[in-house]
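Spelled out from the first residue to the last, the chains are:
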Amino acid sequence: MDVAWLTARKIDKDLCATTQLALANGLVEMGINLVMYSPSNISASSFQHVQVNCSSIMGLQSSSIVNNLKKHLENIENSDCVIIDWKLSKIAKHIESKCIIIDRGPPADKGIFSYLQWPAWSRAWRNSSFGCVVSGPHGDFVKKKIPEFNGRLKILPAGVDTTVFFPREKNDNKIKLVYHGRLDEHRGLPMVLELARLLDTQSDKFEFHFHGEGKYKEVLISSKIPNVHVTGNLDQIDLAKRLGGYDIGLLPMPDQRIWRIASPLKRSEYLASGLVVLGIDHQGNSFEKNHSFMKLFSQERFLNQSIDWLMNIDLPNFRKLQTESKIFAERELQWRVSIQNLYDLILEITS
């Protein structure tokens, strides 16, 4: 079976592209002949890749990719099924093959560009009969916002490759906390920076590590708090090695709609790396069942409760929680569930 995947992600540079890579490679392993079209420079992969030019001007990137994809329509049309990121949904009207909209989340960033993306997101779902979301609440959000959508939905939660992300040697003299991903203010990072500042006044056993890019990166660096360490984006191998030696993964995304419907990739990577998770208590950060390795506190009491918990960590019990998090990830968070769900949808609409 031939499948084309049209994505706006820069697979070779974007940390969030891990999902596309995992799903694409999984489909190939299940016998799908997959060709991915993206603005990336990929030299080696299990699927075929076609690089599509992309404008460097913010706000014009998706439209430029759509225009350049039109040059490949004949080959795309030869596919039995076409998977399309919602940002590129304009191309769907030019394709007669069955199309699946992939929605890893509606517009999340603040500002004019996010505001301008909402009509594109709505149009993608209004014109679609098949789509994939990251969680049950995400699917409910789509149905509420786009009541005219009555097509098939599949849930593809964020997973993790436990052969890449796994625990490594921990340092008993330091408790290392980490956040990786977009370094933007609206993702809850000011509260994390304040937590680092307060802990630095009380103890020298805590370190905070931030890996990523964004407008808040310079704020973190200029804070000059001794226990704060910042890098840019890391490739997956380097990130996995570092995560395995850390202790606590941070999920500071606030209790807002956009984060409540999420399935954060970093949560799965934290747990597979044997980390305890510390974050804000809401539906997007939590699981259906409570787990002792998930330390989630209300947004209003996050600072006080986090400091109280951190300052009173019992190391032997803490290491036990880290072992439990790893076991949970191996049992529940592998990519195979999402890969199977996407594969089933492809078979359903092409049979």
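Residues numbered from 1 in each chain as written. Predicted model: local features only at pLDDT ≥ 70, side-chain atom pairs only at ≥ 80, totals over all residues. Heavy atoms only, no water.

A.B. asks: Would you take a moment to explain the packing of helix 6 (residues 189-200) against helix 11 (residues 302-311) for this structure?
C.D. replies: Helix-helix packing: each pair is described by the crossing angle between the helix axes and the interaxial distance. Remark: helix 6 packs on helix 11, axes separated minimally by 10 Å, with the N-to-C direction vectors making an angle of 45°. Between helix 6 and helix 11, the crossing angle belongs to the class labelled oblique. Here the hand of the crossing between helix 6 and helix 11 comes out right-handed. Between helix 6, through Met191, Glu194, Leu195, Leu198 and Leu199, and helix 11, the contact on the second element is made entirely by Phe302, Leu303, Ser306, Ile307, Leu310 and Met311. Within the contact of helix 6 with helix 11, the residues separate by chemical class into 9 nonpolar, 1 polar and 1 charged. (Axes fitted to C-alpha atoms, helices over the stretch in contact; angles between N-to-C directions. Helix = DSSP H or I, 4+ residues; strand = E, 2+ residues; numbered from the N terminus. Parallel < 35°, antiparallel > 145°, perpendicular 65-115°, else oblique. Left-handed = near helix turned anticlockwise from the far one by under 90°. Contact = heavy atoms within 4.5 Å. Nonpolar A, V, L, I, M, F, W, Y, C, P; charged D, E, K, R; others polar.)

A.B. asks: Which parts of the structure should I look at to understand the state of the cysteines?
C.D. replies: Here, the word disulfide means a covalent bond between the sulfur atoms of two cysteines. This model, assessed by the stated rule, comprises 0 disulfides. Not part of a disulfide, Cys81 finds its nearest cysteine sulfur in Cys99, a span of 7.3 Å. With relative accessibility at 0%, the residue Cys81 sits in the buried group. Left unpaired, Cys132 is separated from the closest cysteine sulfur, that of Cys81, by 9.1 Å. (Disulfide = S-S within 2.5 Å. Buried < 20%, exposed > 50% of the residue type's maximum accessible area, 1.4 Å probe, protein only.)

A.B. asks: So what exactly am I meant to see when it comes to unusual backbone geometry here?
C.D. replies: Positive phi, close to 55°, is recorded for Lys224, a residue that is not glycine. As for its placement among the helices and strands, Lys224 is situated in the loop between helix 7 (217-222) and strand 10 (228-231). Judged by relative accessible area, which is 71%, Lys224 ranks as exposed.

A.B. asks: Would you explain the sheet that holds strand 13 (residues 294-297) in this entry?
C.D. replies: Hydrogen bonding along the main chain pairs the strands of a sheet, whether they run parallel or antiparallel. Strand order in the open sheet made by the 6 strands is 10-9-8-11-12-13, with parallel pairing throughout. Both edges of this open sheet fall to strand 10 and strand 13, since each of them pairs with a single strand only. On average, adjacent strands in this sheet sit at an angle of 20° to one another, irrespective of strand direction. Relative to strand 11 (residues 248-251), strand 8 (residues 175-180) runs parallel, the two being bridged by 2 bridges. Counted as the bridge partner of Leu177 is Ile248 from strand 11. Helix 6 contacts strand 8, strand 9 (206-211), strand 10, strand 11 and strand 12 (276-280) of the sheet and is inclined by roughly 155° relative to strand 9. (Pairing = 2+ DSSP bridges.)

A.B. asks: Help me understand the packing of helix 1 (residues 18-29) against helix 13 (residues 336-350) in this model?
C.D. replies: Running from amino to carboxyl end, helix 1 crosses helix 13 at an angle of 60°, the nearest separation of the two axes being 9 Å. Here helix 1 is positioned oblique relative to helix 13, judged by the angle of their axes. Relative to helix 13, the crossing made by helix 1 is right-handed. From helix 1, Ala22, Leu23, Gly26 and Leu27 reach across to helix 13, where they touch Ser338, Ile339, Leu342, Tyr343 and Ile346.

A.B. asks: So what exactly am I meant to see when it comes to the nonpolar core here?
C.D. replies: The nonpolar side chains of soluble globular proteins are, as a tendency, buried together. Phe208, Leu278 and Leu310 are the most contacted members of the largest nonpolar core, which totals 55 residues. Here the element with the most residues in this core is helix 6; it accounts for 6 residues. Of all hydrophobic cores here, the second largest spans 29 residues; its members include Val35, Leu73, Ile84 and Ala124. (Core = buried A, V, L, I, M, F, W, Y, C linked by side-chain atoms within 4.5 Å.)

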